[in-house]
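# Structure at a glance
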Amino acid sequence: MASRIATTLVRSFSAASGEFVRAPVQVFGIEGRYAHALYSAATKQGTLGAVEDQLNSLQGAIDSVSGLKEYLTLPVCSKEEKKGVLGSAFGDAGVDPLVTNLIDTMIDNKRAKNITGVVSAFNTIMAAQRGEVPCKVTSARPLSDDHLASLKEALGSFLKENEKLLLETATDEKLIGGMVVEVGDKRVDMSTATKIRKLKASLAQPL
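Below: a short report on this structure.

Conventions adopted
- Residues numbered from 1 in each chain as written.
- Predicted model: local features only at pLDDT ≥ 70, side-chain atom pairs only at ≥ 80, totals over all residues.
- Heavy atoms only, no water.
- Helix = DSSP H or I, 4+ residues; strand = E, 2+ residues; numbered from the N terminus.
- Buried < 20%, exposed > 50% of the residue type's maximum accessible area, 1.4 Å probe, protein only.
- Contact = heavy atoms within 4.5 Å.
- Areas by Shrake-Rupley, 256 points an atom, 1.4 Å probe, with all protein chains shown as cover.
- Axes fitted to C-alpha atoms, helices over the stretch in contact; angles between N-to-C directions.
- Parallel < 35°, antiparallel > 145°, perpendicular 65-115°, else oblique.
- Left-handed = near helix turned anticlockwise from the far one by under 90°.
- Salt bridge = Lys/Arg side-chain N within 4 Å of Asp/Glu carboxyl O.
- Pairing = 2+ DSSP bridges.
- Right-handed = clockwise from strand over helix to strand, strands pointing away.
- Polar contact = N/O pair within 3.5 Å; in protein donor to acceptor, adjacent residues only side chain to side chain.
- Core = buried A, V, L, I, M, F, W, Y, C linked by side-chain atoms within 4.5 Å.

### A look at the overall build of the protein chain
A tally of regular secondary structure across the protein chain gives nine helices and four strands. Going residue by residue from the N terminus, the α and β elements of the protein chain occur as α-α-α-α-α-α-α-β-α-β-β-β-α. Taking all 207 residues of the protein chain together, the buried fraction comes to 35%. For the protein chain, the proportion of contacts with a sequence separation of at least 24, taken over those separated by at least 6, is 68%. Carbon and sulfur atoms form 54% of the exposed surface of the protein chain, whose accessible area is close to 12,700 Å².

Right, dumping it as structure tokens:
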């Protein structure tokens, strides 16, 4: 299956000739394969920025139009209908042929349900291209300005010289206290809820 997908991608993006351009970070899975192929083609054509913007516009339409995500998975709707619907998301602004090719290829391969994952994978690659390190901090209560500044300083000390932190904060009362920090593919759970859960598990063990 993986080899067939790779072959399809190579043929689909054959307009961008030359050797495959490796991305600054590797993203795995079906979505990663499509995203890497698109990144390579867009890099060689010098359209990375335009492709990124158009993919996110497409994702915005998928998220905002009621029932569109479900529609893309309906077997009763033809492939051409689905291509037309997604193509209309760009309006009069037009769309890069690489993005059109990606959409068509994914629909032809019955992978329309993976489009959101491909957009996410491509954004991950582009963030790495710019040296951006995404970080999400979830706390039981909103962090004060002082705590946020201290957290940024602590996290920033782990970055390389050419990297910059993209910090996203969220709250979840279920954590009770503490926080959960996610940086890239790493996750550190310092929440009170997890500490209590571990304590209960430990107390449940026979002496």
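### Quick look at the packing of helix α5 (residues 79-87) against helix α6 (residues 97-108)
Running from N to C, α5 and α6 point in directions that differ by 150 degrees, and their axes come no closer than 10 Å. The angle between α5 and α6 places the two elements in the roughly antiparallel class. Considering how the two elements wind past one another, α5 and α6 form a crossing that is right-handed. Residues K79, K82, K83 and L86 of α5 touch α6, and the partners they reach there are I103, D104, I107 and D108.

### Quick notes on the pattern of salt bridges
Overall, the coordinates contain five salt bridges when judged by the stated rule. K83 serves as the salt-bridge partner of D108, at 2.9 Å between the closest nitrogen and oxygen. With D108 in helix α6 and K83 in helix α5, this residue pair connects regions lying 25 residues apart in the sequence. We note a salt bridge from E132 to R130, for which the minimum N-O separation is 3.0 Å. Judged by its relative accessible area of 15%, E132 falls in the buried class. Salt bridges linked by common partners bring E52, R130 and E132 together as one network.

### A short note on the environment of R111
Assignment of secondary structure puts R111 in the loop between α6 and α7 (115-129). Residue R111 is classed as buried on the basis of its relative accessible area, which comes to 18%. In this structure, the C-alpha to C-alpha distance between R111 and E31, residues 80 residues apart in sequence, is 9.4 Å.

### Here we look at the pairing of strand β1 (residues 132-139)
Most of β1 is tucked away: six of the eight residues are buried. Two strands pair when backbone bridges link them, and β1 and strand β2 (residues 164-171) are joined in this way by eight bridges, in the parallel orientation. Each bridged residue has a counterpart across the sheet, and for E132 the counterpart in β2 is K164. In terms of handedness, the path from β1 via helix α8 (residues 145-156) over to β2 forms a crossover that is right-handed. Two elements, β1 and strand β3 (residues 179-183), share five bridges in a ladder whose sense is antiparallel. Paired with V137 across the two strands is V181, which belongs to β3.

### So, the side chain of E132
Along the chain, E132 falls in strand β1. Looking at E132, its side chain comes within polar contact range of the side chain of R130, at 3.0 Å. In contact with E132, other than residues within four places in its own chain, are A127, K164 and L166.

### Structural notes on the nonpolar core
L55, L86, I115 and F122 are the most contacted members of the largest nonpolar core, which totals 34 residues. Among the secondary structure elements, those contributing two or more residues to this core are α2 (29-45), α3 (48-64), α4 (68-71), α6 and α7. Here L55 is in contact with L38, V99, L102, V119 and F122, once residues within four sequence places are set aside. Membership of the second largest hydrophobic core comes to six residues, among which are C135, L155, M179 and V181.

Structural measurements only, silent on function.
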